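Letter by letter, the chains look like this.
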Amino acid sequence: MVRPSMPAHDVLIIGAGLAGQRAALAAADAGATVAIMSKVHPVRSHSVAAAGGINAAINVADDWRSHAYDTVKGSDFLGDQDAIEIMCSEAPKEVMHLEHIGVTFHRNETGELDLRAFGGASMKRTAYVADITGQAILHVLYEQIMKYSDRVDRYEEWFTTSLVLDDDGACVGVVARDIRTGVMETFSAKNVILASGGAGQCFKPTTNGLICTGDGIAQAYRAGAPIMDMEMIQYHPTTLVENGFLITEGARGEGAHLLNAAGERFMEKYAPNKMELASRDVVSRAEQTEINEGRGVGPNGEGIYLDITVVPKKRTLEALREIVNIGKDFAGVDITAEPIMIRPGQHYIMGGVKTDVDGQVPGVPGLYAAGEVACVSVHGGNRLGANSLLDTLIFGRRSGEHAAARAAGLPMPAASEAQMRDDAAEIASIIARPREGRRISEIKDELGTTMNDNVAVFRDEAKLQHAHEVVRRLKEEAKTAYIDDRGTVFNQDVLGAIELGYMLDCSEATVVAAIERKESRGAQFRTDYPERNDDEWLKHIDISRNGDDTPHISYSEVTFTQWQPEERKY
Ligand SMILES: Cc1cc2nc3c(=O)[nH]c(=O)nc-3n(C[C@H](O)[C@H](O)[C@H](O)COP(=O)(O)OP(=O)(O)OC[C@H]3O[C@@H](n4cnc5c(N)ncnc54)[C@H](O)[C@@H]3O)c2cc1C
C-alpha cells in the first residue's frame, strides 16, 4: 500500500556532512527535487571537526599532476588513478567555487589564498581557514542550501534504517525514523545518495564523533552492494594519549617536531627527506616503533612528544587556535610553551561502498555513495591529509549532478512499505528485550578495544584471527543485548543498538579483508608479511554479503593511467 502522503524526490541524500550538502547543492542547481536527511543537525556532522584544510594545486608553481602523483604514492599504488586524476584536476575549480560562495580561506600578505604544508605532499597545497576548515565550509554550504527552499526538503534528526529496493534490485527509497517522535516513514526516490560518513566508532579510541558508526556502509552491504578496501584503516600520527582527540596535521605542516624520550627527532631514521611530513601510515608506524622499542614518553612510555613550541607563537595563535584550546582543555597543556603527548589513533577509513567516478554503486541502479562512506578509490591504502575534504566535495558534486540527470528520464517510483514494517518490528523487539545479559554499550566497548588492540598499526595473523572470533561472538551477543529507554521521544538508546549492528558488519569486513591481504601496503602492515607484494596483491579486495550473513571475498583490478608502481620512500 502506498499512502498518498509518502515523500518522494528525484534525489534523496542520506547524510548532511560535506559530501551530502555538496551533492544536494549540485542536484538542486541542476533542477532536481532533493531531500537531505541527517540523524543530527546538519552542521553537527563530523565534517564540522575537520581542521587542517583541503588540498588543491592552486599555486601557479603547482600542477594537478603533481598532486595526483603524490596521492597515488600516498595510496601505496592501490588508489584508482582515473578517479585520482579527476579529483586532483577538478580541485582548483572546486576550492575557487567555495571561495566565491563565501568560505573565508586564509590569505597571505599579498592577498592570495595561503597554502600550508601537509603530509606526503611535494609542495604546499593545503588551503585552510585557521584550524576550523570543515566548520567554515559546512556552514557556507548549509546557507547555500537554504536558498533552495523551493526544491530542497530537509529531514533533520531523522535516522535512516534501511535502503528500499524494488523487485529488479534498483534502489527506490529508504526507511527512516523521526528521532523526535519515533514515527517510521518510507521515502520514495528516483535516486538515493549515501553520504553518511565513516565508521571510526568501530575503534576505541578514535578521533571520530560518536555518530560515525558506518550506517551507510552496512546498509549498502545488507542491500547487496559491494564494499571495498575495508582493511585500510588510517591511524593518525597525532592524537591525544588521554582520549584520542585529534591534533591536526596542520601543526606539523606549520613546522612542529616529533620527539622521543631521548629528545631525538626520530623521523630522521624513517623518512629522512620528508621527516614529520611523510605520509600518515609511515609516521604512525615510526611512532609506534619508537614506543614499542621503549623510547616512548609519559608514565607508561606510550606517547611521543609533539613540539609545537618551535612554531612562532603568533603564528600558532592565529593558524592553530583550535588546538591551542584542545591542548588546554583536554590535556592541560599550553602548546605554545611545552610539548604535548600524542600517539597514533584511529582516524579514517579508506574503504567503503564501491563506486564509479560518478558515485554510482555497481549492481544497484539508483544507488550512489560519496564521501567517507564511499570508496571510489582515491585513497587506496592510505589517504593523504586534506584529501578527504576534497574527496567529499568533488564526488559529492559529481554524484548530485549525475543523479539529477538520471532522474530526468525516470518516472517516480513508489517504494514498498514492507521494509518499513520489518524495521518497525525490529525496533519494537529491541525495546522489548528483557533487561538481562549484556548491555549494548558493553558490547560496543569490547568491539572498540578489540579492534584497537588487534587491527591497528601493526597486525599479524594471530591478532587478526582473535579479532575475527571476538567480532563473530559480539554479533551473536548483540542480538539479545538490552537497552534502558523504552520511550519513543528521542530514544537514542534504540538507535545505539541499530548502530552497533552496523559497526559489527563494518568491523567484520575490515578484519576479514585484513586477514585476506597477506602483504604490507599503506595502512595495512602485517609483521608476518612485512613486504609489499605487487605480484599477488596489487588488487582491491571487494566484500559482499553471503546469504548466511558472512562476508564473501572477491577481487577487482586497480586502474592505472600514468604512474607505475615503484618503491615508496619519503
Ligand atoms: C577530527 C577530524 C578532523 C579532520 N580533519 C580533516 C582535514 O583537515 N582535512 C580533510 O581533508 N579531512 C579531515 N578529516 C576527515 C574528513 O573530515 C571526513 O572524512 C569528512 O568530513 C567526511 O565527510 P562526509 O560528508 O563523508 O561525512 P560526515 O561529515 O561524517 O557526515 C555524515 C552524515 O551522515 C549522517 N548520517 C549517518 N548515518 C545516518 C543515518 N543512519 N541516518 C541519517 N543520517 C545519517 C550524519 O548525521 C551526517 O550528517 C577529519 C576528520 C576528523 C574526525
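- In the annotation of an unreviewed UniProt entry, the chain is listed under the name succinate dehydrogenase and assigned to Capillimicrobium parvum.
- Listed under Subcellular location (unreviewed entry) in UniProt, the entry text for the chain is "Membrane".
- Entered under Catalytic activity (unreviewed entry) in the UniProt record, the comment concerning the chain runs "a quinone + succinate = fumarate + a quinol".

**Topic: the pairing of strand β10 (residues 233-240)**
So, step 1. Of all eight residues making up β10, eight are buried, and the element is well covered by its neighbours.
So, step 2. Strand direction decides the pairing type here: β10 and strand β13 (residues 340-349), joined by six bridges, are antiparallel. Each residue of the ladder has a partner; that of Q234, found in β13, is Y348.

**Observations regarding the sheet that holds strand β17 (residues 539-545)**
So, step 1. Read from one edge to the other, the open sheet built from five strands follows the order β16-β14-β9-β17-β18, with strand pairing classed as mixed. Bordering the open sheet on either side are β16 (374-375) and β18 (551-557), each of which pairs with just one other strand.
So, step 2. The pairing of strand β14 (residues 352-354) with β16 spans two bridges and is parallel. Bridging from a neighbouring strand, K354 pairs with C375 of β16.

**Some details on the packing of helix α12 (residues 418-432) against helix α15 (residues 492-516)**
So, step 1. As a packed pair, α12 and α15 sit with axes 10 Å apart at the nearest point and diverge in direction by 110 degrees. Classed by the angle they form, the pair α12 and α15 counts as roughly perpendicular. Judged by the twist between their axes, the crossing of α12 over α15 is right-handed. Mapping the contact onto sequence places I427, I430 and I431 in α12 and V494, A497 and I498 in α15.
So, step 2. Here the contact of α12 with α15 is composed, by residue class, of six nonpolar, no polar and no charged.

**Description of the pattern of salt bridges**
Opposite charge on two side chains permits them to pair, given that their charged atoms come into close proximity.
So, step 1. Per the stated rule, a full pass over the model turns up 55 salt bridges.
So, step 2. The partner of R438 in a salt bridge is E477, and the shortest N-O contact between them spans 2.6 Å. Taken together, the residues span a long stretch of sequence, with R438 in the loop between α12 and α13 (440-454) and E477 in helix α14 (residues 461-478) at a distance of 39 residues.
So, step 3. On the basis of relative accessibility, which here comes to 22%, the residue E477 falls in the partly exposed class.
So, step 4. Among the ionic pairs, E476 bridges to K479, the shortest N-O distance being 2.9 Å.

Conventions and cut-offs
Residues numbered from 1 in each chain as written. Predicted model: local features only at pLDDT ≥ 70, side-chain atom pairs only at ≥ 80, totals over all residues. Heavy atoms only, no water. UniProt positions renumbered as here; feature names shortened; annotations may be inferred. Buried < 20%, exposed > 50% of the residue type's maximum accessible area, 1.4 Å probe, protein only. Helix = DSSP H or I, 4+ residues; strand = E, 2+ residues; numbered from the N terminus. Pairing = 2+ DSSP bridges. Axes fitted to C-alpha atoms, helices over the stretch in contact; angles between N-to-C directions. Parallel < 35°, antiparallel > 145°, perpendicular 65-115°, else oblique. Left-handed = near helix turned anticlockwise from the far one by under 90°. Contact = heavy atoms within 4.5 Å. Nonpolar A, V, L, I, M, F, W, Y, C, P; charged D, E, K, R; others polar. Salt bridge = Lys/Arg side-chain N within 4 Å of Asp/Glu carboxyl O.

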